[in-house]
Amino acid sequence: MADTTWTHKSPDASFTHTQDEESDHRKVATRLKETFEQEIVFYNKGQSHPKQQAGKAKEVSLKTVKVARNGRKNPRNNDNLEFKERKFQESGDCHNVQSTERLSGKGFHQQQNVWPPERSNGNIPRVRTPKKKKKKKKNKAPPCEGPSPSLEKLLPVLDPSGDHYYWWLNTMVFPVMYNLIIIVCRACFPDLQHSYLVAWLVLDYTSDLLYLLDIVVRFHTGFLDQGILVVDKGRISSRYVRTWSFFLDLASLMPTDLAFLRLGPHTPTLRLNRFLRAPRLFEAFDRTETRTAYPNAFRITKLMLYIFVVIHWNSCLYFALSRYLGFGRDAWVYPDPAQPGFERLRRQYLYSFYFSTLILTTVGDTPLPAREEEYLFMVGDFLLAVMGFATIMGSMSSVIYNMNTADAAFYPDHALVKKYMKQQHVNRRLERRVIDWYQHLQINKKITNEVAILQHLPERLRAEVAVSVHLSTLSRVQIFQNCEASLLEELVLKLQPQTYSPGEYVCRKGDIGREMYIIREGQLAVVADDGVTQYAVLGAGLYFGEISIINIKGNMSGNRRTANIKSLGYSDLFCLSKEDLREVLSEYPKAQVVMEEKGREILLKMNKLDVNAEAAEIALQEATESRLRGLDQQLDDLQTKFARLLAELESSALKIAYRIERLEWQTREWPMPEEMAEADDEGEPGEGTSQGGKGRTGQEGLPDPE
C-alpha cells in the first residue's frame, strides 16, 4: 500500500501520484498557508512583512509553479473543491490578492486549484473577487406594512398642531363630558336610568364609537422627530402602542357592557371605565387656551366647569347616601319622596345640588349630621371645599396677574409718572397734558413698545410680523421705493411708534435732524415761527425729515430742520433714527448709493443742492482716496523691504552658525596641551574626563543622554 497510486483525469491530461508525493504537497500547502496568513495579518495592520525575504519568496514560488505544472492535487479535497473555491471567492477576508498571485506565478488558485488547508479556528482566508450580480427578487410588501393607497387617501396623517386635529379634540370633548356627568347621575338616580333607557343606550354606544374612532385617529397622528413631522404610519403606530395613552384607551373601551346580560341594563356603573379617556379632555382645553383670543376668559370658564362637575358628583353621592341611609330618617338626608313635591326627579336633583353647594362653599345653614356616615361625608366635603377654595383663589389670582402683566406690556405705567410729577411739583397744565396722553393710549389701544412685546419671537418671525403691519407705510416713502425687500424688512424692525398730543411740536426749525417721520394717523401742520400761521397740512401716509438723516454732499441746509412741524390733534407717527438707518445701510452699499441719488434729486427740485460744493467735496474725497492708495502702496513696499532684511538676517545667522560649528570640529583635531592633559588627569572640577581617558568631555560636547 506504500506505493498506492491514483489517477486524476482532466480535460487536459491524466496525472499519476503516489502517497510520498502527496506528503510533499501537504508540506508545500502548509508552508503556503503560514506565509499567506502572515501576510494577511500584516496587510490588515497596514504594515509590510518584516521577514519577507526575496530568497524564501522565490523558493516558495518555484515550488508552487512546479506543483501547478505537474497538476498534482490532494484527492481528499476533491469532493469539497468547488464549494470551498466558491466560498473563498465570495468572501472578502483577504485583501492582499497581489501577494497570492506572486506566490503562484500566474495566480495560485487559478492555475493550481489547490485549496489552502483550513485554519485551526475554522476560518478560511478569503480573497475579494468580483461578485456575480444576482437578480434581486421583488419581494411583495406584507399587508401589515401599510394600508392600500386608497386607504392612505381616506386616512391621512394628521399634524398635531393642525386644524383638523384641533377640531377632532373639540369633538372628543362631548363624549368625555357625557360620560363624566351622566354616568354618575344615572347610577345615583334610578328614576333617571329607568325613564330614558333607550336614549342612554344610544348615547352610550355613540360615545363608544367616537372612542374607537379616537384610537384610529391616534394611529394616524404624526409626531415631531428632531423638529420634523413623522408621517410614517409604521413609526407612528409603534410609538403609540408603547405609551400609557394606548393602554388607557384600550381600558376605556373594554366591553364591560357584556355584564348587562347577567346584571341587567340598569347598572350604569359598569361603564365607569370610560372615565379613563379624561386626558383627551384636558388636552383639548390646553389647545383651546393657546388658540383662543381671550385666554383669561377661557381659564375662568374652565374653572367654573370644573367646579360644576365637582358639585354635580358630590350631589349625586349625597342622594345615593340618603337612599342608603333611608329617605326622611333625619333632617340631614333627603326628605321622604312620599311627601308632596319631593317625588319628582327634577326636585331630587336640584335639592341635592343645592345641599352640596352649601357644603362645598362653606356657607353653612345645613342640618347637623346625626350618623357616622353623615359625619364622614361632611368631613370629606369640608376638606374638598378647602382645596377647592385654594384652587379658585390661586386661579383667579393668576388670571388677574396675567391681565395686569399684559396691560403693563402694552401700555406704559402712568402711576410712576404721576407720582414723579407730584413730587417735583409740576404745574397743573403740564400734568394734565401727560394724563391726557396716557388716557388716549389706554382708550384707543395705542401701543408704543412693539419691540418689547415681540422680543421673544425669533428674529425672522418678528420681521415677518413687523412687515405685515408696517411695510405698506414704509413703502410710501419716496427714497425707499424700488429698494431691496430685505432692506425694507431690516428697516421695518427699526421703526419706533410715537404718539403726539394736540399742539405738540414734532420738530422745530434749526434743530439737528436725527430722525425721519412717517405719518401713520392724524394731521400735522407746517407752521411759521409764531406757531399760528399754517403753510401746509400733512396727513396720513406722508413723511418728512428724510433728507436730514442722509449725508448728501452739497446739501445747503446741512442736517438742520428747515420748518416747524406741529401736531393738530393726536397723531401717530413712525420714527426712524439716523443711527438705525446707517447701521442697516452698512450692509447694503448699493442701496445707500441709490438713496443718496434720490436725495440729490429731491434737493435739486427744492433748489437746496449746491452743485459746486458737491463737486468740491467729490474732488476732495477723490484726492483723499488717491493719497490713501499711495500710502497703501508705500506701506506694501516697506513691508517687502522689511521681509527681505529679515531673510538676509536669517541667512547671515545660518552662515555664522555653520562657520562656528565648522571651527569647533577643526579645533577638536588640534593636539591637547600638556598642562590641560595633566589637569584632566587630576580631575579638576568643571573638567570631567571621559571613560577610558579618551579625551575631555568639554571637547566632545555635552554627554550622551544615555
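None of these values were measured; they are calculated from a predicted model.

Some remarks on the overall build of the protein chain
Right, on to step 1. When you go through the protein chain residue by residue, the secondary structure sums to 26 helices and 12 strands.
Right, on to step 2. In the protein chain, which comprises 706 residues, the proportion classed as buried is 31%.
Right, on to step 3. Here the protein chain displays about 46600 Å² of accessible surface, and carbon together with sulfur accounts for 57% of that area.

So, the nonpolar core
Right, on to step 1. In terms of nonpolar packing, the biggest core is built from 28 residues, with Leu474, Phe480, Leu487, Leu491 and Leu581 touching the most fellow members.
Right, on to step 2. Residue assignment for this core shows that the elements contributing at least two residues are α20 (459-474), α21 (485-494), β7 (515-521), β12 (571-577), α22 (578-585) and α23 (589-605).
Right, on to step 3. Setting aside anything within four residues of it in sequence, one finds Leu487 in contact with Val584, Leu585, Tyr588 and Ala591.
Right, on to step 4. If you look at the next biggest cluster of nonpolar residues, it comprises 20 residues, including Val184, Cys185, Leu192 and Val333.

Some words on the environment of Leu384
Right, on to step 1. With respect to the helices, strands and loops of the structure, Leu384 is situated in helix α16 (residues 372-410).
Right, on to step 2. Residues Leu384 and Ile359, spaced 25 residues apart in sequence, show a C-alpha to C-alpha distance of 9.6 Å.
Right, on to step 3. In this structure, Leu384 is in contact with Val310 and Leu360, ignoring residues within four places of it in sequence.

Digging into the pairing of β12
Right, on to step 1. With respect to burial, β12 is a largely interior element, 7 of its 7 residues being buried.
Right, on to step 2. Burial of the side chains of β12 extends over both faces: Ser571, Leu573, Cys575 and Ser577 are buried on one face and Asp572, Phe574 and Leu576 on the other.
Right, on to step 3. Summarising the sheet, strand β5 (residues 496-500) and β12 pair through 5 bridges and their orientation is antiparallel. Bridge pairing links Gln498 to Leu573 in β12.
Right, on to step 4. For β7 and β12, the ladder comprises 6 bridges, and the chain directions are antiparallel. Residue pairing for β12: Met516 is matched across the bridge by Leu576.

Topic: the packing of aromatic side chains
Right, on to step 1. For the structure on display, the rule yields 28 aromatic pairs.
Right, on to step 2. Note on Phe189 and Phe319: the rings are 4.4 Å apart at their centroids and 20 degrees apart in plane angle, and the pair reads as stacked. Placement of Phe189 in the loop between α7 (163-188) and α8 (190-195) and of Phe319 in helix α14 (residues 295-325) is noted, with a sequence separation of 130 residues between them.
Right, on to step 3. Phe189 gets classed as buried once you look at its relative accessible area, which sits at 0%.
Right, on to step 4. For Phe319, a relative accessible area of 3% corresponds to the buried category.
Right, on to step 5. Taken together, Phe189, Phe308, Phe319, Phe327, Tyr334, Phe342, Tyr349, Tyr351 and Phe353 form an aromatic cluster joined through their ring pairs.
Right, on to step 6. A cation over a ring is seen here: Arg277 above Tyr211, with NZ or CZ 4.4 Å from the ring centre.

Examining the sheet that holds β5
Two strands in a sheet stick together by hydrogen bonds in their backbones, pointing the same way (parallel) or opposite ways (antiparallel).
Right, on to step 1. A sheet is described by the order of its strands in space; here 4 strands give the open sequence β5-β12-β7-β10, paired in antiparallel fashion. Bordering the open sheet on either side are β5 and β10 (543-544), each of which pairs with just one other strand.

Focus on the pattern of salt bridges
Right, on to step 1. Going through the model one piece at a time under the given rule, you end up with 19 salt bridges.
Right, on to step 2. Between Arg274 and Asp208 there is a salt bridge, and its shortest N-O distance comes to 3.1 Å. Within this pair, whereas Arg274 is found in the loop between α12 (260-263) and α13 (278-291), its partner Asp208 is found in helix α9 (residues 197-219), the two being separated by 66 residues in sequence.
Right, on to step 3. Glu583 is paired through a salt bridge with Lys494; the nearest N and O atoms lie 3.8 Å apart. Here Glu583, found in helix α22, pairs with Lys494, found in helix α21; they are 89 residues apart in sequence, far enough to count as distant.
Right, on to step 4. By relative accessible area, Glu583 is classed as partly exposed at 46%.
Right, on to step 5. Under the relative-accessibility criterion, Lys494 is labelled partly exposed at 21%.

Notes on the confidence of the model for the protein chain
Right, on to step 1. On average, residues of the protein chain carry a pLDDT of 75, and 71% of them reach 70 or more.
Right, on to step 2. For the protein chain, helix α5 (residues 108-111) is the element with the lowest average pLDDT, namely 40, and α9 is the one with the highest, namely 94.
Right, on to step 3. The low-confidence segment residues 1-17 (pLDDT under 50) makes 31 contacts with residues lying over four places distant or belonging to another chain.
Right, on to step 4. Overall, residues 686-706 carries pLDDT values under 50, and its contacts beyond four positions in sequence, including any with other chains, amount to 17 contacts.

Details of the side chain of Asn564
Right, on to step 1. Mapped onto the elements, Asn564 comes out in strand β11 (residues 564-567).
Right, on to step 2. At a separation of 3.4 Å, a polar atom in the side chain of Asn564 contacts the main-chain carbonyl oxygen of Ala528.
Right, on to step 3. Not counting residues within four places of it along the chain, the set of residues in contact with Asn564 comprises Tyr505, Cys507, Arg508, Lys509, Ala525, Val526, Val527, Ala528 and Asp529.

Observations regarding unusual backbone geometry
Right, on to step 1. Here His425, not a glycine, exhibits a phi torsion of approximately 55 degrees, which is positive.
Right, on to step 2. Among the secondary structure elements, His425 is positioned in the loop between α17 (414-423) and α18 (428-444).
Right, on to step 3. Taking relative accessible area as the criterion, His425 reaches 70% and is therefore assigned exposed.

Points about α18
Right, on to step 1. Between its first and last C-alpha atoms α18 spans 24 Å; for 17 residues at 1.5 Å apiece the expected length is 24 Å, and the two agree.
Right, on to step 2. Those residues of α18 not exposed but buried are Glu431, Tyr438, His440 and Leu441.
Right, on to step 3. Buried-residue contacts for α18 involve α17 and β5.
Right, on to step 4. The first or second residue beyond α18 is Lys445, which carries a positive phi of 55 degrees.

Some thoughts on the sheet that holds strand β8 (residues 524-527)
Right, on to step 1. Here we have 4 strands laid out as an open sheet, ordered β6-β11-β8-β9, and antiparallel in their pairing. The sheet is open, and its two borders are formed by β6 (505-507) and β9 (534-538), each paired with just one other strand. Between one strand and the next, the sheet's axes are offset by a mean angle of 30 degrees, whatever the strand orientation.
Right, on to step 2. Here 4 bridges tie β8 to β11, and the two strands are oriented antiparallel to one another. Looking across to β11, one finds that Leu524 is bridged to Ser567.

Observations concerning helix α11 (residues 244-252)
Three or four residues apart is the spacing at which side chains of an α-helix point the same way, because the helix has 3.6 residues per turn.
Right, on to step 1. Turning to α11, its buried residues are Phe246, Asp249 and Ser252. Projected onto a plane normal to the axis of α11, the buried residues spread over an arc of 130 degrees and lie on a single side.
Right, on to step 2. Where α11 is buried, its residues meet α9 and α10 (233-241).

Quick word on the pairing of β11
Right, on to step 1. Covered by surrounding structure in β11 are Asn564 and Lys566 together with Ile565 and Ser567, the residues of both alternating faces.
Right, on to step 2. Here β6 runs beside β11; their pairing, made up of 2 bridges, is antiparallel. Its bridge partner being in β11, Cys507 is matched across the sheet by Ile565.

Parameters and conventions
Residues numbered from 1 in each chain as written. Predicted model: local features only at pLDDT ≥ 70, side-chain atom pairs only at ≥ 80, totals over all residues. Heavy atoms only, no water. Helix = DSSP H or I, 4+ residues; strand = E, 2+ residues; numbered from the N terminus. Buried < 20%, exposed > 50% of the residue type's maximum accessible area, 1.4 Å probe, protein only. Areas by Shrake-Rupley, 256 points an atom, 1.4 Å probe, with all protein chains shown as cover. Core = buried A, V, L, I, M, F, W, Y, C linked by side-chain atoms within 4.5 Å. Contact = heavy atoms within 4.5 Å. Pairing = 2+ DSSP bridges. Phe/Tyr/Trp six-rings, centres within 6.5 Å; stacked < 30°, edge-to-face > 60°. Lys NZ or Arg CZ within 6 Å of the ring centre and 35° of its normal. Salt bridge = Lys/Arg side-chain N within 4 Å of Asp/Glu carboxyl O. pLDDT = per-residue confidence, 0-100. Polar contact = N/O pair within 3.5 Å; in protein donor to acceptor, adjacent residues only side chain to side chain. Expected span 1.5 Å × (residues − 1). Axes fitted to C-alpha atoms, helices over the stretch in contact; angles between N-to-C directions. Arc of directions from axis to C-beta.

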